[in-house]
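# Remarks on the overall topology
Now for the letters of each chain:
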Amino acid sequence: MSRDSEIALNTSKKKGVDPTCSAKPVLSCVDDLVLLQSEARFKDYQLHEKTQNMSGDQKLLLKGQSSQYVKLNVGGSLYYTTVGTLTKHNDTMLSAMFSGRMEVLTDSEGWILIDRCGNHFGIILNFLRDSSVPLPETNKEIAELHAEAKYYCITELALSCERALYAHQEPKPICRIPLITSQKEEQLLISGSSKPAVILVVQRQNNKYSYTSTSDDNLLKNIELFDKLSLRFNERILFIKDVIGPSEICCWSFYGHAKKVAEVCCTSIVYATDRKHTKVEFPEARIYEETLQVLLYENRNAPDQELMQATSSVRVGSVGGTSLQQYTSDEEEERTGLARLRINKRNNPA
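Going along each chain's sequence as written, the residues are numbered from 1 onward. It should be noted that, the model being predicted, local features are given only for residues of pLDDT at least 70 and side-chain atom pairs only at 80 or more, the latter also being counted only at that level, while totals for whole chains, interfaces and linings use all residues. Each side-chain value is worked out from all heavy atoms of the structure, with water and hydrogens disregarded.

### Things to note about the nonpolar core
Put simply, the rule is: Definition of nonpolar core: a set of buried residues of the types Ala, Val, Leu, Ile, Met, Phe, Trp, Tyr and Cys, connected through side-chain atoms within 4.5 Å. Accessible area is worked out with a 1.4 Å probe on protein chains only. A residue is then buried under 20% of its type maximum, exposed over 50%, and partly exposed in between. Helix numbers and strand numbers start at the N terminus; a helix is a DSSP run of H or I with at least 4 residues, a strand a run of E with at least 2. When checking whether two residues touch, look at their non-hydrogen atoms; a contact exists if any pair is within 4.5 Å.
Core analysis: the largest hydrophobic core is formed by 28 residues, its most contacted members being Leu-72, Leu-94, Phe-98, Phe-121, Ile-124 and Tyr-152. Residue assignment for this core shows that the elements contributing at least two residues are strand E2 (69-74), helix H3 (83-86), helix H4 (93-97), strand E5 (112-114), helix H5 (121-130), helix H6 (139-151) and helix H7 (155-168). The contacts of Phe-98, once residues within four sequence positions are left out, are Leu-62, Lys-63, Val-70, Leu-72, Val-83, Leu-86, Thr-87 and Ile-112. Counting residues in hydrophobic clusters, the runner-up holds 23 residues, among them Val-198, Val-202, Ala-262 and Leu-295.

Next up, the structure:
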């Protein structure tokens, strides 16, 4: 290649002309990049404008007359109401939206968009109109309305929903008392529980004779005491009521480690001049005492025998074939005091 040809070729490259392509201009890499970026920005702008037109993303401050009607699109549900209704309660979010204090979002057709569920918005509007409204029947719907009322800051309606939800709640039982109808069912409950057990048999119809005048009252007192004890000790003792059981009319049974440790029978037969009568008693003190005694069986280990003797009522037991009578601490103190008086009288005769 001649020197003149080399100079012409270099000059063409500097000017951006390809000598092999009929001298057509070619953009540099930098120019190509700038052009592509410009086209991308333009497409993004067109997409943004199209999205705005589709979603109605136009914010404005709306403040109109009370009689002016507005169109609301609440989660796809359409409503038509006045500015006066929406601003009737000053401390709500809707009042702030339609009194010029908050921006509202509108679409191209003038519908004001609210991104909430519109199922209960009709109830919201009725409450704003009348300051009271019938609530839905189900707890689920009341809970949904409560959430909407809280969102719109309608305090009075939210409190009404809370009161309704509280009233519809089923009261939680403080304790549950199983009712048994057979001996097998009783044994299953006692053996399956780690707690000591107290069983009350109440069978008024088992009586063969007439009741004494105080029997009905005492029978009711036994039932009331059972309920009182079960409320107090239900965390520590298993309480069972037997209503279709054995032949007893009113009888308390106390179990520890799945074995019967005491029994208090509240019925006896008394003889009148002409016939027999059934008497129901109410030994409240002894029932309380046996209930407290059975608490000694809460632990898996057997209770201390000395502690049992010190706190037990009068019982007849057998130790080594010898009959043993145990007394309460009060009775023992009385016997000891009488013994001391006798000794003093013998030592100091008058």
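Okay, back to it.
### Re the environment of Ser-108
Within the element layout of this structure, Ser-108 appears in the loop between strand E4 (99-106) and E5. Considering only alpha carbons, one finds Ser-108 and Gln-58, 50 residues apart in sequence, at a separation of 8.2 Å.

### Here we look at unusual backbone geometry
The phi angle at Ser-131 is positive, at roughly 65°, despite the residue not being glycine. By the secondary structure assignment, Ser-131 is in the loop between H5 and H6. Unusually for a residue other than glycine, Cys-153 sits at a positive phi of about 60°. With respect to the element layout, Cys-153 can be found in the loop between H6 and H7.

### Quick notes on the pattern of salt bridges
Oppositely charged side chains are able to pair whenever their charged atoms sit close together. Put simply, the rule is: Any carboxyl oxygen of Asp or Glu that lies within 4 Å of a side-chain nitrogen of Lys or Arg is treated as forming a salt bridge with it.
All chains considered together, the criterion is met by seven salt bridges. Put simply, Glu-148 and Arg-116 hold a salt bridge, and the shortest N to O gap is 3.0 Å. Of this pair, Glu-148 sits in helix H6 while Arg-116 sits in the loop between E5 and H5, and the two are 32 residues apart along the sequence. Residue Glu-148 is classed as buried on the basis of its relative accessible area, which comes to 8%. Residue classification places Arg-116 among the partly exposed residues on the basis of a relative accessible area of 24%. Between Glu-263 and Lys-260 there is a salt bridge, with the nearest N and O atoms lying 2.9 Å from each other. On the basis of relative accessible area, Glu-263 is assigned to the partly exposed category, the value being 37%. By relative accessible area, Lys-260 is classed as partly exposed at 44%.

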